[in-house]
Protein chains: 2
Amino acid sequence: MKQSQLWLPTLREAPADADAVSHQLLLRAGIVRQLAAGIYTYLPLGRRVLRKLENIVREGMDQAGAQELLMPAMQPAELWRESGRYDKYGPELFRLKDRQGREFALGPTHEEVITALLRDELHSYRQMPVTLYQIQTKFRDEKRPRYGLLRGREFLMKDAYSFDADWEGLERSYRRMYDAYSRIFSRIGLEFRAVEADPGTIGGDGGTHEFMALADIGEDTIAVCDQCDYAANLEKAEFRKVTGTETEEQHQLRTAEPTKLHTPAIRKIDSLVHALGCEASHIIKTIIYLADGAPLAVLVRGDHEVNEIKLQHSLSIAGLELADAETVERITGAAVGFAGPMGLAIPLAVDDAVTNMPIGIAGANETDYHWRGLRPGIDFKLAIRGDFRNAVRGDGCPRCQTGQLVFRRGIEVGQVFKLGTKYSEKLNARFIDAAGKEQPLIMGCYGIGISRLLSAVVEQHHDAAGIRWPHAIAPYQVHIVPVSMKDQHQAEAAELLYEKLSAGGLEVLLDDREERPGVKFKDSDLIGIPLRIVVGKAAADGKVELKWRDTGEVKVVSLEEACSAAAGLKQEQDSCL
Amino acid sequence: MKQSQLWLPTLREAPADADAVSHQLLLRAGIVRQLAAGIYTYLPLGRRVLRKLENIVREGMDQAGAQELLMPAMQPAELWRESGRYDKYGPELFRLKDRQGREFALGPTHEEVITALLRDELHSYRQMPVTLYQIQTKFRDEKRPRYGLLRGREFLMKDAYSFDADWEGLERSYRRMYDAYSRIFSRIGLEFRAVEADPGTIGGDGGTHEFMALADIGEDTIAVCDQCDYAANLEKAEFRKVTGTETEEQHQLRTAEPTKLHTPAIRKIDSLVHALGCEASHIIKTIIYLADGAPLAVLVRGDHEVNEIKLQHSLSIAGLELADAETVERITGAAVGFAGPMGLAIPLAVDDAVTNMPIGIAGANETDYHWRGLRPGIDFKLAIRGDFRNAVRGDGCPRCQTGQLVFRRGIEVGQVFKLGTKYSEKLNARFIDAAGKEQPLIMGCYGIGISRLLSAVVEQHHDAAGIRWPHAIAPYQVHIVPVSMKDQHQAEAAELLYEKLSAGGLEVLLDDREERPGVKFKDSDLIGIPLRIVVGKAAADGKVELKWRDTGEVKVVSLEEACSAAAGLKQEQDSCL
């Protein structure tokens with residue numbers, strides 16, 4: 001493509017409201033333009049990148065044996081009522097009526113549609129396993145659309161759905177998708193982790209993994225091992241259990257009775273640490289919850305946070321909420337900030353780290369007083385024990401024996417999910433199994449946020465001057481930049497290279513514009529094509545300059561060498577397939 | 001692909017409400033399924049065909065120098081208000097509100113969005129010409145969705161928009177798209193005509209052509225020449241003007257005064273013909289209109305129909321409507337059905353065919369009476385003359401000297417349209433021309449109904465047994481059908497062919513299902529892959545049967561010959577590119 005013909009409006013400055021580096025660069029490099037909050041147009045350069053992403057995802061799906069279909073964006077509200085999600089989904093679901101007054105939703109996802117389709121068309125275990133996918137535009141009325149394509153309201157997704165006759169089949173389908181996702185994200189050139197995540201309210205009986213592109217702007221915190229490939233969302237992250245026998249010193253500590261401290265108006269861990277000169281890890285935090293309506297005190301160390309999801313799973317609590325001040329005061333007989341385990345007449349859920357403390361400081365259930373030297377197991381019961389806290393930096397990796405957990409931020413770019421029979425039960429999608437019995441279809445669902453990937457890649461691949469596209473999804477592989485098209489040597493060499501490389505199957509952009517070299521180089525850095533060939537004065541001697549956008553490496557070579565270098569790029573890309 | 005793995009639910013019978021052959025076949029062959037009225041899911045086989053159509057259109061656009069982008073489906077209502085179409089578009093526009101109460105339209109077309117985009121990004125004549133296109137899902141709330149994909153409410157379109165600095169540029173852009181469309185439709189294997197059409201209410205200053213796939217189910221009537229390639233929509237069709245000098249016999253007829261006939265309750269042409277034993281072509285029909293509010297009588301021959309669009313264009317009438325009975329009675333002084341030109345006190349617009357009549361029969365402006373022998377130009381004035389009628393079968397072609405017009409039905413699959421400055425004026429999208437003056441962008445728009453093409457192709461390419469896909473868009477090129485997979489010779493030969501042809505780059509479907517041969521052949525006819533290779537008992541002697549779906553031609557050949565025949569198919573397809 002000749003750049004003079006390419007409709008590529010670049011910007012020197014990003015609009016003030018562009019709130020992420022990737023967002024700024026996608027605007028500046030002429031990749032996208034905003035039409036409305038969270039709604040974007042992909043300009044020609046962006047459309048090319050998006051199509052490459054689509055194709056990589058499509059090839060990955062096809063290789064994994066999934067079959068492509070295409071479902072509508074407009075979905076009858078009745079289907080969403082059958083699944084029970086029409087009300088549950090809340091204001092994120094765009095709703096509209098047709099001219100007859102029939103209600104529709106703009107699909108943010110397609111579980112209902114595909115389950116209803118298979119209900120009508122799939123009747124026997126012999127027709128399974130089958131995995132169907134689509135690459136299609138989704139709609140979600142985000143409360144706060146932001147970060148450009150990272151949280152949009154109209155976006156491109158790949159969603160896939162597997163159907164199996166038994167749970168082992170679901171495991172195999174799930175694993176095939178998991179592996180395909182790993183290959184796809186690797187091929188794109190993304191630094192990512194597949195993290196164990198909590199199925200949460202999306203429902204379904206089984207497990208789920210989120211594929212997280214590591215990036216500081218990510219909205220999710222991930223615990224990753226510094227040694228092995230363990231990774232999990234914060235709410236799901238486990239860690240090695242610390243065990244050990246009581247030392248003599250600890251035993252000694254536990255022989256003394258607790259002493260009461262006057263701590264006027266000192267309600268917070270920080271203030272206690274400050275007032276007593278102790279460590280947060282010496283304090284026992286007591287938090288009063290209502291667990292399915294009944295009061296429950298949860299004890300964690302002062303430097304730890306309660307993990308409500310672990311708590312809920314571990315104690316089979318459906319509804320968990322913090323008790324309000326009034327309830328806390330009624331239960332403890334003291335102002336908020338002075339709750340403690342000793343003498344509390346409600347069940348105590350004690351985190352393992354508290355169980356392991358020889359003694360600790362805790363509220364005295366009396367306004368303005370704390371206990372020092374409170375002994376877990378002596379001064380209060382350890383009837384309910386377990387892992388009720390978030391992992392913290394330095395916790396031991398639960399998988400390998402040596403690693404420690406560190407924390408990263410991640411952008412969710414994909415998710416694989418064992419739905420089980422949630423939707424097939426609700427929509428009554430059944431098949432006849434080998435024994436002739438009717439069973440609900442066993443489902444999995446698998447998403448990749450294709451437009452979001454574009455932002456995630458740019459978050460990871462950029463520098464101060466612009467984007468650095470990974471080879472596999474670069475809009476063009478080679479950018480030929482003649483310093484002056486008016487110089488006959490340069491113009492001829494540039495055209496020659498352009499013809500040769502294009503004929504060799506490379507995607508080449510030739511900057512044939514009559515702009516100053518500074519403008520051309522700035523644009524070239526900004527749009528970030530992997531290999532730049534600068535054709536300058538040395539073209540008269542048959543020499544050009546290669547510059548790799550990624551590493552910044554520069555090399556002066558002959559025209560032939562330039563061709564081979566570019567051809568190498570092509571081979572590299574083909575070998576990704 | 002092995003058919004046992006392909007999710008392909010075929011049906012023996014089409015649902016009762018499938019109202020067109022193509023609709024029935026698309027359902028039966030497992031191409032689409034309906035989700036709601038006019039809203040369809042494309043099953044894996046249908047998705048493949050749709051993607052081939054997309055790719056052919058994309059390649060055609062790229063070759064014509066157009067650049068692909070992708071605009072959103074959700075469009076802010078403000079833009080539609082700027083163009084004045086938010087109200088005008090009526091109930092066909094799907095409308096919705098976001099959680100903030102902001103109004104959006106689901107785009108049935110993208111003139112507003114792209115004009116607003118270019119308004120912000122295109123400032124100089126140097127940036128033109130530019131043509132941008134997208135392949136994208138459109139929404140239109142059709143009053144009566146029907147014929148499957150032919151009139152849907154959510155459908156896939158290619159829409160393109162050209163921007164030029166002058167009108168000559170628009171001509172060139174328009175012609176490039178026109179030529180690209182002709183190549184695209186030819187490559188798909190469609191019998192089509194590019195017809196001159198009326199810009200109608202879509203607006204725009206310039207001309208327009210509709211690309212019509214010829215098919216009996218088509219909703220439009222097209223006049224085509226039986227000799228040359230002239231084609232036009234009925235409302236636009238012209239014809240050779242008949243001129244000639246008055247014959248002696250005609251002159252004689254015109255010497256006699258008209259005579260009044262008593263024609264009690266005879267109001268219609270048919271009844272007159274019956275009662276008087278004359279031809280319809282001997283009658284002068286007088287129709288009273290209100291043209292921009294003022295009465296106007298239009299005279300056409302009894303066997304002709306008024307063409308209101310020609311009338312409006314010719315006489316510069318903005319609003320034209322038939323006068324109601326009361327008005328007719330007031331103007332003619334007679335009941336409806338007895339209007340005639342003689343003595344009428346309102347302007348007469350006389351069609352050329354009436355002008356050419358020596359004498360005619362017409363209403364007497366007196367209830368239950370007609371005149372016979374009324375002389376155009378003598379008994380009433382020919383002040384306003386012109387072509388005010390629809391073409392009829394047998395009219396002379398306006399382009400060649402020898403052809404006659406015949407009528408066909410057509411499905412509109414594409415349209416090219418000179419918009420001029422309609423949208424750029426409304427949305428204030430201007431550029432600086434070479435002289436430094438601000439000018440509105442000069443636009444064209446160009447659509448292809450991609451999902452509709454699928455139906456149009458099937459309307460043209462089918463027989464009683466099923467679809468006959470043209471090579472370029474067939475979901476697979478070769479269908480290998482072993483009579484029995486349990487016969488070792490057959491299974492081996494089938495697998496061998498499958499491996500060899502797939503390795504040669506062909507798309508091959510192998511029916512490895514354990515079904516009865518009758519079922520396999522029925523399915524094979526139904527899904528209509530161009531070349532079928534039947535592997536039966538003769539496989540033991542290295543022989544298989546070739547059957548071309550299109551012609552029904554059958555040939556028994558060796559395995560090698562089967563391979564070469566299939567390879568020929570591949571070359572044929574490649575050469576379309």
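For chain A, an unreviewed UniProt entry supplies the name Proline--tRNA ligase and the organism Paenibacillus radicis. Per UniProt, the comment on chain A under Catalytic activity (unreviewed entry) is "tRNA(Pro) + L-proline + ATP = L-prolyl-tRNA(Pro) + AMP + diphosphate". As recorded by UniProt, the Subunit (unreviewed entry) comment attached to chain A reads in full: "Homodimer."

**A look at the sheet that holds strand β15 (residues 294-301) of chain A**
Residue and element names in this part refer to chain A. The strand order across the open sheet built from five strands is β16-β14-β15-β17-β20, with neighbouring strands paired in mixed fashion. A single partner strand is all that each edge strand has here, and the edge strands are β16 (320-322) and β20 (384-386). Taken over all neighbouring pairs, the strand axes of this sheet differ in orientation by 30° on average, direction set aside. Contacts from helix α9 (residues 308-315) reach β14 (284-291), β15, β16, β17 (348-351) and β20, with the element oriented near 135° to β16.

**Side note on the environment of Lys 2 of chain B**
Residues and elements named next belong to chain B. Along the chain, Lys 2 turns up in the segment before α1 (21-28). Each C-alpha atom of the pair Lys 2 and Asp 511 lies 6.2 Å from the other, and the pair is 509 residues apart in sequence. Not counting the four nearest positions on each side in its chain, Lys 2 is found in contact with Glu 495, Tyr 498, Leu 509, Leu 510 and Asp 512.

**A word on the domain arrangement of chain A**
How big an interface is tends to be stated in terms of the accessible area lost upon association of its parts. Residue and element names in this part refer to chain A. Domain annotation for chain A reports domain 1 (21-238 + 407-458), domain 2 (248-386) and domain 3 (476-575). Measuring from the centre of the C-alpha atoms in domain 1 to the corresponding centre in domain 3 gives 39 Å. On the side of domain 3, five residues touch domain 1, which itself brings six residues to the contact. Counting the surface lost from both domain 1 and domain 3, the interface buries some 570 Å², and carbon and sulfur atoms represent 57% of this. By the criterion of area lost to domain 3, the three top residues of domain 1 are Leu 45, Arg 48 and Lys 52, representing 66% of everything that side buries. Notably, a salt bridge pairs Arg 48 with Glu 507, separated by 3.0 Å at the nearest N-O pair. Joining domain 1 to domain 3, the criterion identifies two residue pairs in polar contact (both at pLDDT 80 or more). Taken together, the elements giving at least two residues each to the side of domain 1 that touches domain 3 come down to α1 (21-28) and α2 (44-63). The dominant element in the side of domain 1 that touches domain 3, judged by the number of residues it contributes, is α2, at three residues. Looking at side-chain class alone, the side of domain 1 that touches domain 3 contains three nonpolar, no polar and three charged residues.

**Re empty space enclosed by the protein**
Here the idea is plain: a probe the size of a water molecule rolls over the atoms and shows the empty space left. Within this structure, the stated rule accounts for two cavities of 30 Å³ or more. Estimates place the volume of the largest cavity at around 600 Å³. Around the largest cavity, the lining comprises 38 residues; the ones closest to its centre are Ile 135, Gln 136, Thr 137 and Leu 156 of chain A together with Thr 137 of chain B. Listed by contribution, the elements that provide at least two residues to the lining of the largest cavity are β2 (39-42), α2, β7 (130-139) and β8 (154-164) of chain A together with β2 (39-42), α2 (44-63), β7 (130-139) and β8 (154-164) of chain B. Classifying every residue of the lining of the largest cavity by side-chain character gives 23 nonpolar, five polar and 10 charged. Counted as a void, the second largest cavity has a volume near 40 Å³. Considering the residues around the second largest cavity, the lining is formed by Gly 38, Tyr 40, Tyr 42, Leu 149, Gly 152, Glu 154, Phe 155 and Ser 451 of chain B.

**Things to note about the interface of chain A and chain B**
Counting from both sides, the interface comprises 54 residues of chain A and, opposite them, 54 residues of chain B. When chain A packs against chain B, close to 4,600 Å² is buried across both sides, 63% of that on carbon and sulfur atoms. If you sort the residues of chain A by the area they bury against chain B, Trp 7, Leu 70 and Arg 99 of chain A come out on top, with a joint share of 18%. At the boundary of chain A and chain B, one finds eight salt bridges.

**Considering helix α13 (residues 450-460) of chain B**
The element α13 of chain B is extensively covered by neighbouring structure, given that nine of its 11 residues are classed as buried. For α13 of chain B, the full list of buried residues reads Ile 450, Ser 451, Leu 453, Leu 454, Ser 455, Ala 456, Val 457, Val 458 and Glu 459 of chain B.

**Things to note about the relation of the copies chain A and chain B**
Rotating chain A by 180° about the axis while translating it 0.1 Å along that axis superimposes it on chain B, leaving an RMSD of 0.1 Å. In symmetry terms, the pair is related by a two-fold rotation axis. No C-alpha of chain A lies nearer the rotation axis than that of Leu 96 of chain A, which sits 2.7 Å from it.

**Some words on a negative patch on the surface**
Together, Glu 321, Asp 324, Glu 326 and Glu 329 of chain A line one region of the surface with negative charge. Secondary-structure assignment places Glu 329 of chain A in helix α10 (residues 325-332).

**Observations concerning the sheet that holds strand β31 (residues 554-558) of chain A**
Residue and element names in this part refer to chain A. The five strands lie next to each other as β28-β27-β29-β30-β31, forming an open sheet whose pairing is mixed. The sheet is open, and its two edges are formed by β28 (508-510) and β31, each paired on a single side. Averaged over all adjacent pairs, the angle separating strand axes in this sheet is 25°, with direction ignored. Sheet analysis places strand β29 (residues 531-535) next to strand β30 (residues 543-548), joined by four bridges and oriented antiparallel. Bridge pairing in β30 places Ile 533 opposite Leu 546.

**Overview of the side chain of Glu 459 of chain A**
All names here are of chain A. Residue placement: Glu 459 occurs in helix α13 (residues 450-460). The buried charged residue Glu 459 lacks any salt bridge partner; its closest oppositely charged side chain belongs to Arg 409, at an N-O distance of 11 Å. Apart from the residues within four sequence positions on either side, Glu 459 is in contact with Ala 20, Val 21, Ser 22, Ala 215, Ile 217 and Ile 411.

**Overview of unusual backbone geometry**
Backbone torsion omega between Met 128 of chain A and Pro 129 of chain A reads 0°, so that peptide bond is classified as cis. Positive phi, close to 50°, is recorded for Ser 316 of chain A, a residue that is not glycine. Relative to the helices and strands, Ser 316 of chain A is located in the loop between α9 and β16. Accessibility expressed as a relative area gives 62% for Ser 316 of chain A, which makes it exposed. A positive phi angle is found at Ala 265 of chain B, which is not glycine, with a value near 60°. Along the chain, Ala 265 of chain B turns up in the loop between β13 (259-262) and α8 (269-276).

**Description of the pattern of salt bridges**
Using the criterion set out here, one finds 83 salt bridges over all chains in the structure. With its nearest N and O atoms 3.5 Å apart, the salt bridge here joins Arg 146 of chain A to Glu 219 of chain A. You can see Arg 146 of chain A sitting in the loop between β7 and β8 and its partner Glu 219 of chain A sitting in the loop between β10 (208-214) and β11 (220-225), a full 73 residues away along the chain. The class of Glu 219 of chain A is partly exposed, set by a relative accessible area of 38%. Of the charged contacts, one joins Arg 430 of chain A and Glu 425 of chain A as a salt bridge, the two residues approaching to 3.3 Å between their closest N and O atoms. You can call Arg 430 of chain A partly exposed: its relative accessible area is 25%. What emerges from the salt-bridge pattern is a single network uniting Arg 47, Arg 51 and Glu 54 of chain A together with Arg 58 and Glu 68 of chain B.

**What about the packing of aromatic side chains?**
Considering all chains together, one arrives at 16 aromatic pairs over all chains under this definition. Arranged with centres 6.1 Å apart and planes meeting at 35°, the rings of Phe 192 of chain B and Phe 211 of chain B form a pair that is tilted. Residue Phe 192 of chain B is located in strand β9 (residues 192-196), and its partner Phe 211 of chain B is located in strand β10 (residues 208-214); the two are separated by 19 residues in the primary sequence. We note that Phe 192 of chain B, like Phe 211 of chain B, is buried. Ring-pair connections join several aromatic residues into one group, and the members of that group are Tyr 178, Tyr 181, Phe 185, Phe 192 and Phe 211 of chain A. The ring of Tyr 86 of chain B carries the charged tip of Arg 95 of chain B above its face, separated from the ring centre by 4.5 Å. For the cation-ring pair, Arg 175 of chain B lies above Tyr 178 of chain B, with the distance from its terminal atom to the ring centre recorded as 4.4 Å.

**Here's the deal with the pairing of strand β21 (residues 405-420) of chain B**
Residues and elements named next belong to chain B. Bridging between β10 and β21 involves seven bridges; their strand directions are antiparallel. Each bridged residue has a counterpart across the sheet, and for Thr 208 the counterpart in β21 is Phe 417. Here six bridges tie strand β11 (residues 220-225) to β21, and the two strands are oriented antiparallel to one another. What sits directly across from Cys 225, in β21, is Leu 405. Of the pairings in the sheet, the one linking β21 to strand β24 (residues 442-449) comprises six bridges and is antiparallel in character. Each residue of the ladder has a partner; that of Gly 420, found in β24, is Met 443.

**Points about the packing of α2 of chain A against helix α6 (residues 167-188) of chain A**
Residue and element names in this part refer to chain A. At a closest axis distance of 9 Å, the pairing of α2 and α6 adopts a crossing angle of 150°. The orientation of α2 relative to α6 falls into the category roughly antiparallel. In this structure, α2 crosses over α6, and the sense of that crossing is right-handed. On α6, the residues touching Leu 53, Ile 56, Val 57, Glu 59, Gly 60, Met 61 and Gln 63 of α2 are Met 177, Ala 180, Tyr 181, Arg 183, Ile 184, Arg 187 and Ile 188.

Cut-offs used in this document
- Residues numbered from 1 in each chain as written.
- Chains lettered and ligands numbered in written order.
- Predicted model: local features only at pLDDT ≥ 70, side-chain atom pairs only at ≥ 80, totals over all residues.
- Heavy atoms only, no water.
- UniProt positions renumbered as here; feature names shortened; annotations may be inferred.
- Pairing = 2+ DSSP bridges.
- Helix = DSSP H or I, 4+ residues; strand = E, 2+ residues; numbered from the N terminus.
- Axes fitted to C-alpha atoms, helices over the stretch in contact; angles between N-to-C directions.
- Contact = heavy atoms within 4.5 Å.
- Domains from an automatic or database assignment.
- Buried area = accessible area lost by both parts, 1.4 Å probe.
- Salt bridge = Lys/Arg side-chain N within 4 Å of Asp/Glu carboxyl O.
- Polar contact = N/O pair within 3.5 Å; in protein donor to acceptor, adjacent residues only side chain to side chain.
- Nonpolar A, V, L, I, M, F, W, Y, C, P; charged D, E, K, R; others polar.
- 1 Å grid on protein atoms, 1.4 Å probe; cavity = no way out; pocket = protein on both sides within 12 Å on 5 of 7 lines; lining within 4 Å.
- Points joined across faces, edges and corners; volume = space filled by probe spheres on them.
- Buried < 20%, exposed > 50% of the residue type's maximum accessible area, 1.4 Å probe, protein only.
- Least-squares fit on C-alpha atoms with pLDDT ≥ 70 in both.
- Patch = residues over 30% accessible without salt bridge, like charges linked within 9 Å, V, L, I, M, F, W, Y side chains within 5 Å.
- Areas by Shrake-Rupley, 256 points an atom, 1.4 Å probe, with all protein chains shown as cover.
- Lys, Arg positive; Asp, Glu negative; His and termini not counted.
- Charge placed at Lys NZ, Arg CZ, Asp CG, Glu CD.
- Phe/Tyr/Trp six-rings, centres within 6.5 Å; stacked < 30°, edge-to-face > 60°.
- Lys NZ or Arg CZ within 6 Å of the ring centre and 35° of its normal.
- Parallel < 35°, antiparallel > 145°, perpendicular 65-115°, else oblique.
- Left-handed = near helix turned anticlockwise from the far one by under 90°.

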